[in-house]
Amino acid sequence: MNKSFITNVIALTLTLIGYFIGHHLIYSIGLFALSGAITNWLAVHMLFEKIPFLYGSGVIPARFEEFKLAIRELMMKQFFTEENIDRFLSGNNEGKGSAAGLDLAPIIAKVDLSPAFDDLVQVIEESSFGSMLAMVGGREALQPMREPFIEKMKASVVNISKSDEFNAILREELEQPNVMAEMRDKVSDIIEKRLNELTPQLVKEIVQDMIRKHLGWLVVWGGVFGGLIGLIAAVSNSF
């Protein structure tokens, strides 16, 4: 339901009824209500659209670059501050855990540890056990052990990643000033690149979708208060 349209139709209807039946009170209420509703509708419309000869209209598309800069400043100064990042890394995040306590198991599960097995076989071949390995078939004799080795290695790495000692070391490294600065720079970079993908039209649509339904009440209340002023004006003229 378009609140602005309905308000304007009601106000226009009252104006026409008052005019054609010669009822000054109804005409005054309708005319003032229509004036207030149209004025507020025009003000809302002018936020998004450029209207010829009306200075200041189309302010959102016109201030596109300032709008992008304001978003970037908001993100960096309110969300990705060093204090907030440090709070997250330290685990002081309203009971939601810390970055150092992230579950690394899904990542480890995707890592290919076959090179680690190949390196182990090479180490054995180059050691004093190399000749013994050659006697039992060499490198090929160890191939059946590849999958069990990889599974065991992944399980061990997961266990290590969950240990308090590992988390403490990881948190200590992440909290280094240079790491903090690098993290903020990367976040800033990501935000900057995403904002550069925005166009004035897209920004206008985003803002329109967010606030147009709420700004519609400005038109409604413009009509209501305009009608009240019209009522007061009509009553005053009757004395």
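Here the structure is a predicted model, which is why all the values come from computation and not from measurement.

Chemist: Would you explain the side chain of Ser-114 in this entry?
Modeler: With respect to the helices, strands and loops of the structure, Ser-114 is situated in helix H7 (residues 114-126). Judged by its relative accessible area of 18%, Ser-114 falls in the buried class. In terms of polar contacts, Ser-114 uses its side chain to reach the side chain of Asp-112, at 3.0 Å.

Chemist: Hey, could you run me through a nonpolar patch on the surface in this one?
Modeler: Residues Leu-25, Trp-217, Trp-221, Val-224, Phe-225, Leu-228, Leu-231 and Val-235 make up a contiguous nonpolar surface patch of roughly 710 Å² in combined accessible area. Tallying contributions element by element places helix H12 (residues 200-237) first for the nonpolar patch, with seven residues. As for its placement among the helices and strands, Leu-231 is situated in helix H12.

Chemist: Looking at this model, I keep getting lost on the nonpolar core. Mind explaining?
Modeler: It is characteristic of soluble globular proteins that their nonpolar side chains tend to be buried jointly. Val-44, Phe-48, Ile-60, Phe-64, Met-76, Ile-191, Leu-195, Leu-198, Val-203, Val-207 and Leu-215 form the largest nonpolar core, which has eleven residues in total. Contributions of two or more residues to this core are made by helix H2 (24-48), helix H4 (64-79), helix H11 (177-196) and H12. For this core, the element with the highest residue contribution is H12, accounting for three residues. Setting aside chain neighbours within four positions, we find Ile-60 in contact with Leu-47, Phe-48, Val-203, Lys-204 and Val-207.

Reading guide: rules and limits
Residues numbered from 1 in each chain as written. Predicted model: local features only at pLDDT ≥ 70, side-chain atom pairs only at ≥ 80, totals over all residues. Heavy atoms only, no water. Helix = DSSP H or I, 4+ residues; strand = E, 2+ residues; numbered from the N terminus. Buried < 20%, exposed > 50% of the residue type's maximum accessible area, 1.4 Å probe, protein only. Polar contact = N/O pair within 3.5 Å; in protein donor to acceptor, adjacent residues only side chain to side chain. Patch = residues over 30% accessible without salt bridge, like charges linked within 9 Å, V, L, I, M, F, W, Y side chains within 5 Å. Areas by Shrake-Rupley, 256 points an atom, 1.4 Å probe, with all protein chains shown as cover. Salt bridge = Lys/Arg side-chain N within 4 Å of Asp/Glu carboxyl O. Core = buried A, V, L, I, M, F, W, Y, C linked by side-chain atoms within 4.5 Å. Contact = heavy atoms within 4.5 Å.

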